[in-house]
Amino acid sequence: MSIKYNKQIEDIRNKMLNLLEDVTESSKLSLKAYTAKDLKLFSESQEKLKNIQAQADTIDNEIIKTFALYGPEATELRTLIAFLKMTNEIVRIGEGIKKYSRRMQEHSQSECNLDELNGTIIQLHKSTINALDYTLECFKNLDSCAIDDFYRKVMVEESKNDDFFAILEKDIMSIIIREKELASEYVRILSTLRKLERSCDRSVNIANLMLYAKQGGEINFHS
């Protein structure tokens, strides 16, 4: 491919990298907000992602323009297909984090006592952040990234994430039995925590896309 094409791909990658960095940083801010009980940080986490859809639309338009101008084939075609699908996954992670931050801001001011859930909530969130960090690091160095090793790391975090969420489901059900008058609020809390679980699943989807871009084969997505 031409120098212009390579420059175009580099520009797309940089825009995607910035988007992924914002999503990762927002997730870290929301964890810090929860552990510090700082409502202002929840707002900062949401603010960081306020233009995420517009940014993703710009990237997608650049990818489609690249398809039209250069007619890529083989590896280049796989890469652009992967990038186009990745922007959607990054946006969905970001939207999930925004909703998580907004809702946890509300839960933190409710009558519900989350103290006995703190340890598991924090571990759930850390596993989500770890998966994002691995993804970010590999995407920064996509050409040299040990893709199979990266993929295994993300899958380990996703497995841990599922285990933590299962523990939270069980613990919250126990609390609901004990505190029936707050049952609906605890159900909402569980729904909020599922945003983290789904974010980690989507990190696996991104890992699958990066694997596809590098090696080809089939794309296997979490629903």
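Located above this text is the structure these notes cover.
Thresholds, definitions, all that
Residues numbered from 1 in each chain as written. Predicted model: local features only at pLDDT ≥ 70, side-chain atom pairs only at ≥ 80, totals over all residues. Heavy atoms only, no water. Helix = DSSP H or I, 4+ residues; strand = E, 2+ residues; numbered from the N terminus. Rg over C-alpha atoms; globule rule 2.2 N^0.38 Å. Buried < 20%, exposed > 50% of the residue type's maximum accessible area, 1.4 Å probe, protein only. Contact = heavy atoms within 4.5 Å. Areas by Shrake-Rupley, 256 points an atom, 1.4 Å probe, with all protein chains shown as cover. Lys, Arg positive; Asp, Glu negative; His and termini not counted. Charge placed at Lys NZ, Arg CZ, Asp CG, Glu CD. Disulfide = S-S within 2.5 Å. Salt bridge = Lys/Arg side-chain N within 4 Å of Asp/Glu carboxyl O.

Peer 1: Mind showing me how you'd approach the overall build of the protein here?
Peer 2: The helix and strand tally for the protein stands at seven helices and zero strands. The secondary structure elements of the protein, listed N-terminal to C-terminal, are α-α-α-α-α-α-α. Rg of the C-alpha trace for the protein: 19 Å, near the compact-globule value of 17 Å for 223 residues, within the 12% margin. Taking the principal axes of its C-alpha atoms as reference, the protein extends roughly 65 × 30 × 25 Å. Counting the 223 residues in the protein, one finds 48% classified as buried. Intrachain contacts of the protein at a sequence separation of at least 6 include 81% that bridge at least 24 residues. In the structure as shown, the protein presents an accessible area of about 10900 Å², 49% of it carried by carbon and sulfur atoms. Charged side chains of the protein number 32 positive and 36 negative; the gap between the two group centres comes to 2 Å.

Peer 1: What am I meant to see in the state of the cysteines here?
Peer 2: By definition, a disulfide is the covalent link that joins the sulfur atoms of two cysteine residues. For the structure on display, the rule yields one disulfide. Counting only cysteine sulfurs, Cys-138 is the nearest neighbor of Cys-200, a cysteine outside any disulfide, at a range of 16 Å.

Peer 1: I tried to follow the pattern of salt bridges on my own but got confused; where do I start?
Peer 2: Any two side chains of opposite charge can pair, on the condition that their charged atoms come close. Tallied over the full model, the rule gives 17 salt bridges. Of the charged contacts, one joins Lys-50 and Glu-47 as a salt bridge, the two residues approaching to 2.9 Å between their closest N and O atoms. Glu-179 is the partner of Arg-178 in a salt bridge, and the nearest nitrogen-oxygen pair spans 3.5 Å. Each member of the salt-bridge network shares a partner with another, and the members are Glu-106, Glu-185 and Arg-188.

Taken by themselves, the reported measurements are silent on function.
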